[in-house]
Amino acid sequence: MQLLMFYILGFGAVLSALLLVTSKKPVNAAMSLIATMFCLAGLYVLLDAHLVAVLQILVYAGAVMVLFLFVIMLLNIQEKEGRLAGSTIALQFVSILGVGMVFVIAASLVKVRGALPTGGELFPFGTTKAVGSMLFTEYLLPFEIASMLLLAAIVGAVILAKRRISDAKP
Amino acid sequence: MLTWSLGFLILMVKLGAVLLFLLLAAAYLVWLERKFLARLQVRYGPNRAGKYGLLQPIADMIKMLTKEDTIPEGADRVIFLLAPAVVTVTALLMFAVIPFGGDLSFLGKRIPMVIADLNIGLLFVFALSSLGVYGIALGGWASNSKYSLLGGIRGAAQMISYELSLGLSLVPVVMLAGSFSLVDIVRAQEAYPFILVQPLAFVIFVISAMAESKRIPFDLPEAENELGAGYHTEYSGIRFGLFFLGEYVNMQVLGALVAVLFLGGWSGPFLSGPAWFCIKILVVALVMIWIRGTLPRLRYDQLMALGWKVLIPLALVNIVVTGAVILI
Amino acid sequence: MSEYVPVLIMLVLAAATAVGMLVATSKIGPRKVFADKMEPFECGESPIVSPKLRFSVKFYLVALFFVVFDMEAVFVYPWAVLFRDLGMFGFVEMMIFLAILAVGLLYVWRRGALEWD
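Residues numbered from 1 in each chain as written. Chains lettered and ligands numbered in written order. Predicted model: local features only at pLDDT ≥ 70, side-chain atom pairs only at ≥ 80, totals over all residues.

1. Some words on the overall build of chain C
Here is step 1 of the chain: Helix and strand counts for chain C stand at three helices and zero strands.
Here is step 2 of the chain: Ordered by position in the sequence, the α and β elements of chain C form the string α-α-α.
Here is step 3 of the chain: Here chain C holds 117 residues, and the buried ones make up 32% of them. (Helix = DSSP H or I, 4+ residues; strand = E, 2+ residues; numbered from the N terminus. Buried ≥ 20, exposed ≤ 12 C-beta atoms within 10 Å, placed from the backbone.)

Have a look at this one:
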């Protein structure tokens with residue numbers, strides 16, 4: 001049952017990711033990305049990482065993708081055929097990166113295969129309490145630095161859009 | 001095998017009962033709203049179909065099912081079809097984590113009166129309510145109409161703004177209960193309902209939730225005198241019906257959440273758990289209809305200012321004060 | 001993981017309800033297509049300008065702020081659950097976190113990015 005769910009969700013994630021890359025319309029690409037996020041959330045649930053699963057949906061599907069959708073809706077990009085095939089150098093670069101990535105993942109899998117936890121060893125590491133108590137004690141510094149990062153993002157957003165805002169005023 | 005199939009049977013009965021109840025109650029909530037609103041405005045409201053117009057929801061349902069479903073020219077067909085379903089499905093699914101009664105014992109088995117008691121229950125509700133934005137934004141966008149697009153974008157911006165105050169206003173409640181599980185939150189209110197200790201959180205939550213469900217003081221996405229009908233201008237038949245259904249299921253979810261988080265959930269004297277739960281939902285719904293009959297619509301700048309400059313800072317202050325009070 | 005099975009079944013049932021209604025209406029309803037009817041609504045006029053117009057950047061800005069503050073809220077949620085266990089130490093660290101972001105909100109406010117005029 002668990003294995004079947006894993007294959008369904010994994011296949012769904014890969015398929016929707018492929019659709020994301022190949023679809024011509026920006027909205028359809030965004031929809032595929034949301035589907036990918038859902039499949040990933042499902043995989044997290046299978047791993048008993050409940051908090052990460054729900055945050056995956058809350059943050060990626062619920063916030064980041066809404067921002068993407070806003071950009072698509074606000075700009076109303078008219079789809080043009082063949083724009084993707086424009087730069088062959090970029091394409092070659094991306095494919096080299098992709099092949100390299102596959103090798104890195106394969107190599108690391110071979111290396112850690114013995115160290116992976118098997119079914120019986122799972123402990124409640126994915127609950128809110130477990131994740132939270134790690135985050136707020138052991139990883140305290142990264143947590144506080146995250147707030148600085150978010151502050152930088154706020155300031156950046158205001159600076160980027162500020163010229164437009166003062167233009168809009170009569 | 002036997003216990004497994006018994007468990008499955010119980011689950012299906014619960015699911016069927018909850019879904020049927022939600023759909024029926026949504027239909028009659030529409031009737032209640034029309035009737036009560038009419039009374040507030042010194043009108044009769046629906047009174048032709050059946051006694052007191054009680055058959056009106058059924059007549060409406062038949063009408064919507066037998067109408068032609070038009071798709072405007074130039075619309076994105078798939079997304080246009082999908083958007084209303086997103087609104088309804090996310091609203092219905094939120095009820096999966098809401099407990100509607102205490103445990104029941106049946107054949108020596110303990111049956112919890114909740115479909116799934118997830119330990120991240122409240123976050124599950126937040127996640128689904130943030131997905132509701134897609135139905136509005138995509139429905140407006142896919143219609144290829146100016147009014148729909150304007151309504152969709154307004155609606156999306158409004159919903160994401162109020163989602164923040166909605167989430168932050170509930171942090172003190174979670175701090176008091178120490179859990180996201182809605183069952184645990186109800187259990188934590190055995191001594192006193194949280195509305196007594198968290199009145200500010202209650203007010204922020206209700207205002208944000210009403211903005212989130214786009215009801216009248218906050219109905220700018222469908223402001224009929226500017227935008228036709230906003231994001232669902234181009235929808236006809238049952239597709240419009242699904243938007244409508246989603247809205248009224250949302251109203252019940254809101255009532256249920258207010259009951260679970262602030263009014264002590266299913267607990268109450270004399271009556272059984274589910275009965276108290278329904279009464280509490282009904283009271284919240286009636287207050288919302290009353291508010292609709294009383295308040296005029298906000299301007300868009302007032303809407304944004306209320307969300308970002310009043311509710312979010314207030315929710316943050318409430319978190320700090322609650323934390324300080326609990327610790328000292 | 002087993003507690004998510006009911007949610008999955010409910011998702012299937014809810015989706016089936018919605019799709020069933022959509023299919024039923026397409027089977028039952030009449031279908032008469034002609035050009036004028038299929039035009040998007042515009043108070044009886046034929047559409048003059050394409051609805052694909054560009055919008056004010058302010059909507060985009062709201063979405064950006066939402067993403068940032070939503071991330072903040074995501075950090076606050078698990079803290080709220082653990083609040084009693086963490087005690088004073090946890091309270092102080094969250095106050096620092098919130099203070100930094102309150103500065104951000106104040107900055108946005110003072111720069112007038114929240115004004116809608």
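So much for the structure itself; the text now carries on.
2. Topic: the overall build of chain B
Here is step 1 of the chain: Along its length, chain B carries 13 helices and two strands.
Here is step 2 of the chain: Since a compact globule built from 328 residues should have a radius of gyration of about 20 Å, the 20 Å found for chain B is in line with a globular shape.
Here is step 3 of the chain: Its C-alpha atoms give chain B principal-axis dimensions of about 55 × 50 × 45 Å.
Here is step 4 of the chain: Burial status across chain B gives 56% buried among its 328 residues.
Here is step 5 of the chain: Considering only contacts within chain B whose residues lie at least 6 apart along the sequence, 75% involve residues at least 24 apart. (Rg over C-alpha atoms; globule rule 2.2 N^0.38 Å. Contact = placed C-beta atoms within 7 Å.)

3. Comments concerning helix α3 (residues 77–93) of chain B
Here is step 1 of the chain: A rise of 1.5 Å per residue sets the reference length of α3 of chain B, with its 17 residues, at 24 Å; its end C-alpha atoms lie 25 Å apart and thus fit the reference within 8%.
Here is step 2 of the chain: Of all 17 residues in α3 of chain B, 13 are buried; the element is thus mostly enclosed. (Expected span 1.5 Å × (residues − 1).)

4. Considering the interface of chain B and chain C
Here is step 1 of the chain: Tallying the contact residues gives 58 residues for chain B and 51 residues for chain C.
Here is step 2 of the chain: Looking at the side of chain B that touches chain C, the elements with two or more residues in it are α1 (2–40), α2 (56–66), α3, α5 (146–169), α6 (171–177), α11 (237–262) and α13 (300–327) of chain B.
Here is step 3 of the chain: Of all the elements, α5 of chain B adds the most residues to the side of chain B that touches chain C, at 10 residues.
Here is step 4 of the chain: Across the side of chain B that touches chain C, the residue classes tally to 34 nonpolar, 14 polar and 10 charged. (Nonpolar A, V, L, I, M, F, W, Y, C, P; charged D, E, K, R; others polar.)

5. Some thoughts on the interface of chain C and chain A
Here is step 1 of the chain: If you look at the interface, chain C gives 39 residues, while chain A gives 40 residues.
Here is step 2 of the chain: A breakdown of the residues in the side of chain C that touches chain A according to their chemical character gives 29 nonpolar, three polar and seven charged.

6. Description of the nonpolar core
The nonpolar side chains of soluble globular proteins are, as a tendency, buried together.
Here is step 1 of the chain: By size, the foremost hydrophobic cluster in this structure holds 177 residues, and its most contacted members are V54 of chain A, L123, A137, A156 and V174 of chain B together with F65 of chain C.
Here is step 2 of the chain: Of all the elements, helix α3 (residues 57–110) of chain C adds the most residues to this core, at 22 residues. (Core = buried A, V, L, I, M, F, W, Y, C linked by C-beta atoms within 7 Å.)

7. Re the packing of α3 of chain B against helix α4 (residues 121–142) of chain B
Residues and elements named next belong to chain B.
Here is step 1 of the chain: Put simply, α3 and α4 touch, their axes get as near as 8 Å, and they point 160° apart. By the angle class used here, α3 and α4 are roughly antiparallel. When you trace α3 past α4, the crossing you get is left-handed. In contact with I79, F80, A83, P84, V86, V87, T90 and L93 of α3, α4 contributes L128, L131, G132, Y134, G135, L138, G139 and A142. (Axes fitted to C-alpha atoms, helices over the stretch in contact; angles between N-to-C directions. Parallel < 35°, antiparallel > 145°, perpendicular 65-115°, else oblique. Left-handed = near helix turned anticlockwise from the far one by under 90°.)

8. A word on the environment of V18 of chain B
Here is step 1 of the chain: On the secondary structure map, V18 of chain B appears in helix α1.
Here is step 2 of the chain: When the C-alpha atoms of V18 of chain B and K146 of chain B are compared, they prove to be 38 Å apart, with 128 residues separating the residues in sequence.

9. With respect to unusual backbone geometry
Residue and element names in this part refer to chain B.
Here is step 1 of the chain: Positive phi values are uncommon outside glycine, yet Y52 reaches one of about 55°.
Here is step 2 of the chain: Mapped onto the fold, Y52 is located in the loop between α1 and α2.
Here is step 3 of the chain: In this structure Y52 comes out as partly exposed when scored by C-beta crowding, with 13 C-beta atoms within 10 Å.
Here is step 4 of the chain: A positive phi angle, close to 55°, is found at K214, a residue other than glycine.
Here is step 5 of the chain: Relative to the helices and strands, K214 is located in the loop between α9 (199–212) and α10 (224–227).

10. Focus on the packing of helix α3 (residues 50–75) of chain A against α4 of chain B
Here is step 1 of the chain: Viewed as axis vectors pointing N to C, α3 of chain A and α4 of chain B meet at an angle of 20°, and their least axial separation amounts to 9 Å. When the axes of α3 of chain A and α4 of chain B are compared, the pair comes out roughly parallel. Considering only the axes of α3 of chain A and α4 of chain B, their crossing is left-handed. Residues V54, I57, L58, A61, G62, A63, V66, L69 and M73 of chain A of α3 of chain A form the contact with α4 of chain B, whose participating residues are L123, F124, F126, A127, S130, L131, V133, A137 and W141 of chain B.
Here is step 2 of the chain: Looking at side-chain class alone, the contact of α3 of chain A with α4 of chain B contains 16 nonpolar, two polar and no charged residues.

11. Considerations on helix α2 (residues 26–46) of chain A
Here is step 1 of the chain: Along its 21 residues, α2 of chain A runs 31 Å from first to last C-alpha, staying within 8% of the 30 Å computed at 1.5 Å per residue.
Here is step 2 of the chain: When we look at burial in α2 of chain A, the residues that qualify are V27, A30, M31, L33, I34, T36, M37, L40, A41, G42, Y44 and V45 of chain A.
Here is step 3 of the chain: In this structure, the buried residues of α2 of chain A make contact with α1 (2–22) and α3 of chain A together with α3 of chain B.
Here is step 4 of the chain: Just beyond α2 of chain A, the residue with positive phi is D48 of chain A, at close to 65°.

12. A few points about the environment of L170 of chain B
Here is step 1 of the chain: Along the chain, the position of L170 of chain B falls in the loop between α5 and α6.
Here is step 2 of the chain: Not counting the four nearest positions on each side in its chain, L170 of chain B is found in contact with L122, A201, F205 and L261 of chain B.

13. Brief notes about the confidence of the model for chain C
Here is step 1 of the chain: Residues at a pLDDT of 70 or more form 88% of chain C, whose mean pLDDT is 82.
Here is step 2 of the chain: Reported confidences for the modelled complex are a pTM of 0.87 and an ipTM of 0.86. (pLDDT = per-residue confidence, 0-100.)

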